[in-house]
Amino acid sequence: MPWGDFKDTAAERRLFQRRALVVFGFVVLMLGALIARMYQLQVLEHETYTTLSDKNRVQVQSVAPTRGLIYDRNGTLLAENRPVFSVTIVPERVSDLDQTLAQLTELLSISEEDLERFQRRLSEPRRPYQELPLRYDLNEQEIAALAVHRHELPGVEVSAELVRFYPYGETTSHALGYVGRINREELQRIDPVNYAGTNYIGKSGIEYFYEEKLHGRVGYQHVETNARGRTLRVLERENPIPGEDLRLHLDLQLQKLAYQLLDGRRGAVVALEPKTGGLLALASVPGFDANLFVTGISVAAYRELSTSHDKPLFNRALRGQYPPGSTVKPMMAIAALDSGVTTRERVVWDPGYFQLQSGGRRYRDWKRGGHGWVDLTDAIAESCDIYFYDAAVRMGIDTMHQYMDMFGFGQDTSLDVSGALSGLLPSRDWKRAVRNEPWYPGDSVNMGIGQGFMLATPLQLATATAVVANRGRWAQPRLLMDVVGDDPLVEVLPPPSRENVMLNNQDDWEFVADAMAEVMHGRRGTARRAAQGAPYRMAGKTGTAQVFSLAQDEEYEEEEIRERLRDHALFVGFAPLDDPKIAVAVIVENGGSGSGTAAPVARAMFDAWLLGFPEDKEPVVIGAHQEGGE
């Protein structure tokens, strides 16, 4: 065998050794790199990765505070919180949102409207990892179905939350307002820290005005979660501070009575306590169920409310601006006396019409044949238009504007009544700016009896009446009576901004109050029938406001047109005469006679407040014929 055929074992050994060294070196190098990486992760960057790991396992969650409760003056609960179970989704934890929604639709009764509302909330600006509600008020069967399929639905939770509930929904809807889900505009202006975890905010009324006090302060908790993001346990917790409970001047029994008295009629009743300005009743009829708006009203329900000809969403007590009619005559009487254009004894001949000049336009009195010779007391008691036409022309617009401003017309004088409008107190400058016309004497004639350009809300009429009841002392209207908490009332309630009305002769207050008593108790008083049998003396003034036309785009049946073209019926008054405990303003839209329609409502309110609320009392019938009154 040739030498070349033998193996060179030494060469093979050297080759193997070299290869083994290379492999060993590579292994050592890789092992060194692994050790170096482990050293970097475990030693050099230990704190960084520990923090990241904890973030995957431990999360900080906000804990929404419990919203404060609202009570009436007697401690009756008007706004509470009730637990509601809802299904929520955290979009960031859902891999396939469409598939998840499809699964939930099979498990639960989810409407197209629920899906549309969810998609709308999904597209709006929101906080990261915020739960978005899909459907509210789950029943036990639906909760059980979700529990069974929970492992198939990452990012889906059944959340229990406290939701606002109004036990007397329609009766208190306009007085309290309501809460609703935070929208895009509100999200931009609220404190994102304090409202973290909160889905609801005050939208109107007391709920809106005292939102800061009712909301409270947010809390936090550190929770441990699993890989699916579900909470395993709470590691640490800082409890939220609940919102303050509020007690209002509102009396639920009186509020209910106001609704009952106006049942079937459109109108408003405002009752307040003259000494404090506390609003005892703030009723706008018809109302609406405020609970519909808390978790989100359906399109069909909102359309029904918003398109109703009776406008149940419109707060007539605060935002209804009507010609005040003859209800301003007591205030005009104060203006005429104090400005010196008339006296208590001065008499005016009333033939049934008034003329600025002989042969000119005739401004009619409500009583076609006139009242004959009348002094100021007669003019108020019998509501003589001619006397006040004459007084208005003598005063002129500047003087009337000055005094009506003192009574709060043309401005919102309330302390905490959200959404109240200011009405309209016309002036020379206003007419020049709006109509580009000068102020004519005929404009003064109309304003003297609360017609023409002048507009007032029922709240303003009640407030001005309370000023007369207080003999010039101002007590601005307010709903808040007390804060059930640590904050003193003076720090929560806005400060008063009105000064008392001081007259040259303070006895003029008593004179006008006595003249208003003649309206109720005098032989020719326009509301004498409404005061019959009363064991106390009351003061009042009837009025009517003309309705000229309907909007062009409104369509009504023939009977409805006739009814809606009738005059509005108004009444203002207070009782008892010498020590007033309650002042009331009533308006019944298209009610016709103030004496026959509005005055009986006020009398029933007086009786209830001064004599009690007997359950077996005969209901008041409004709309009865009244002789000798407008």
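None of the values given here were measured: they were computed from a predicted structure.

(A) How the structure looks around the packing of helix 10 (residues 252–261) against helix 22 (residues 594–611). Relative to each other, helix 10 and helix 22 sit at 155°, their axes nearing to 10 Å. Put simply, helix 10 runs roughly antiparallel to helix 22. Helix 10 and helix 22 meet at a crossing whose hand is right-handed. Where helix 10 abuts helix 22, its residues Leu254, Leu257, Ala258 and Leu261 lie against Val601, Ala604, Met605, Ala608 and Trp609. Residue composition of the contact of helix 10 with helix 22, grouped by class: nine nonpolar, no polar and no charged.

(B) Focus on helix 20 (residues 507–521). Here helix 20 is 15 residues long and its end C-alpha atoms lie 21 Å apart, about the 21 Å a rise of 1.5 Å per residue gives. Where helix 20 is buried, its residues touch helix 13 (329–339), helix 14 (376–381), helix 18 (458–469), strand 18 (539–545) and strand 19 (568–575).

(C) Inspection of the packing of aromatic side chains at higher detail. Inspection of the entire model under this criterion finds 12 aromatic pairs. Three or more aromatic residues link up through ring pairs in this structure, and these residues are Tyr178, Phe288, Phe293 and Tyr302. Just above the ring of Tyr200 sits the side chain of Arg181; from NZ or CZ to the centre is 5.3 Å.

(D) Expanded view of helix 4 (residues 112–123). A rise of 1.5 Å per residue sets the reference length of helix 4, with its 12 residues, at 16 Å; its end C-alpha atoms lie 17 Å apart and thus fit the reference within 8%. Listed as buried for helix 4 are Asp114, Leu115, Arg117, Phe118 and Arg121. Each buried residue of helix 4 sits inside an arc of 165° when the element is viewed along its axis, so together they form one side. When the buried face of helix 4 is taken as reference, the exposed residues oriented beyond 90 degrees from it are Glu112, Glu116 and Ser123. Among the structural elements, strand 3 (77–89), helix 3 (97–107), strand 4 (132–135) and strand 6 (179–181) are those in contact with the buried residues of helix 4.

(E) Spotlight on the packing of helix 13 against helix 20. Where helix 13 contacts helix 20, the axes come no closer than 10 Å and their chain directions differ by 145°. Taken as a pair, helix 13 and helix 20 cross one another with a handedness that is right-handed. Residues Pro330, Ala333, Ile334, Leu337 and Asp338 of helix 13 pack against Asp508, Trp509, Phe511, Val512 and Met516 of helix 20. When its residues are assigned to classes, the contact of helix 13 with helix 20 shows eight nonpolar, no polar and two charged.

(F) Summary view of the confidence of the model for the chain. On average, residues of the chain score 86 in pLDDT, and 89% of them reach the 70 mark or higher. Of the regions scoring below 50 in pLDDT, residues 624–628 engages in 17 contacts with residues more than four places distant in sequence or in other chains.

Reading the values: the criteria
Residues numbered from 1 in each chain as written. Predicted model: local features only at pLDDT ≥ 70, side-chain atom pairs only at ≥ 80, totals over all residues. Heavy atoms only, no water. Axes fitted to C-alpha atoms, helices over the stretch in contact; angles between N-to-C directions. Helix = DSSP H or I, 4+ residues; strand = E, 2+ residues; numbered from the N terminus. Parallel < 35°, antiparallel > 145°, perpendicular 65-115°, else oblique. Left-handed = near helix turned anticlockwise from the far one by under 90°. Contact = heavy atoms within 4.5 Å. Nonpolar A, V, L, I, M, F, W, Y, C, P; charged D, E, K, R; others polar. Expected span 1.5 Å × (residues − 1). Phe/Tyr/Trp six-rings, centres within 6.5 Å; stacked < 30°, edge-to-face > 60°. Lys NZ or Arg CZ within 6 Å of the ring centre and 35° of its normal. Buried < 20%, exposed > 50% of the residue type's maximum accessible area, 1.4 Å probe, protein only. Arc of directions from axis to C-beta. pLDDT = per-residue confidence, 0-100.

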